[in-house]
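Letter by letter, the chains look like this.
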Amino acid sequence: MSEAPAHADVAALPFEKAMAELETIVARLERGDVPLEESLTIYARGEALKAHCEQLLRAAEAKIEKITLSADGRPKGAEPLDVDR
């Protein structure tokens, strides 16, 4: 059984929703009242959510670094970002 289809929807989640779901998963796992099989399933989803959030944060950080300044040091725009580099 492949894990990708089970978590394919994660890539479409905005950062805030992905982070909220990840926090819910962590809280459930920390309580320790989740059956083993369900723990494994939600842990795998948590890993997918974590990776997605990290990717979104890297992209946001790179955009911030790409803001261009005018000669007087004021923001004048932003350059296109190639996040795959």
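All values derive from a computational prediction rather than experimental measurement. (Residues numbered from 1 in each chain as written. Predicted model: local features only at pLDDT ≥ 70, side-chain atom pairs only at ≥ 80, totals over all residues. Heavy atoms only, no water.)

1. Quick notes on the pattern of salt bridges
And step 1. Going through the model one piece at a time under the given rule, you end up with 5 salt bridges.
And step 2. Here Glu 38 ties to Arg 28 by a salt bridge, and the two come within 2.4 Å at their closest N and O atoms. Linking Glu 38 in helix α2 (residues 36-65) with Arg 28 in helix α1 (residues 15-31), this pair joins segments that are 10 residues apart in sequence.
And step 3. A salt bridge links Arg 31 to Asp 33; the shortest N-O distance between them is 3.5 Å.
And step 4. Judged by relative accessible area, which is 52%, Asp 33 ranks as exposed. (Salt bridge = Lys/Arg side-chain N within 4 Å of Asp/Glu carboxyl O. Helix = DSSP H or I, 4+ residues; strand = E, 2+ residues; numbered from the N terminus. Buried < 20%, exposed > 50% of the residue type's maximum accessible area, 1.4 Å probe, protein only.)

2. Observations concerning the nonpolar core
When a protein is soluble and globular, its nonpolar side chains tend to lie buried together.
And step 1. With 9 residues, the main nonpolar core is built from Val 10, Leu 13, Ala 18, Leu 22, Ile 25, Val 34, Ile 42, Leu 49 and Cys 53.
And step 2. Within the residue set of this core, elements represented by two or more residues are α1 and α2.
And step 3. Setting aside anything within four residues of it in sequence, one finds Ala 18 in contact with Leu 13, Leu 49, His 52 and Cys 53. (Core = buried A, V, L, I, M, F, W, Y, C linked by side-chain atoms within 4.5 Å. Contact = heavy atoms within 4.5 Å.)

3. Observations regarding the side chain of Ser 39
And step 1. The residue Ser 39 is located in helix α2 in this model.
And step 2. Non-local contacts of Ser 39, meaning those with residues more than four positions away in its chain, are made with Leu 29 and Val 34.

Shape descriptors only; they carry no functional weight alone.
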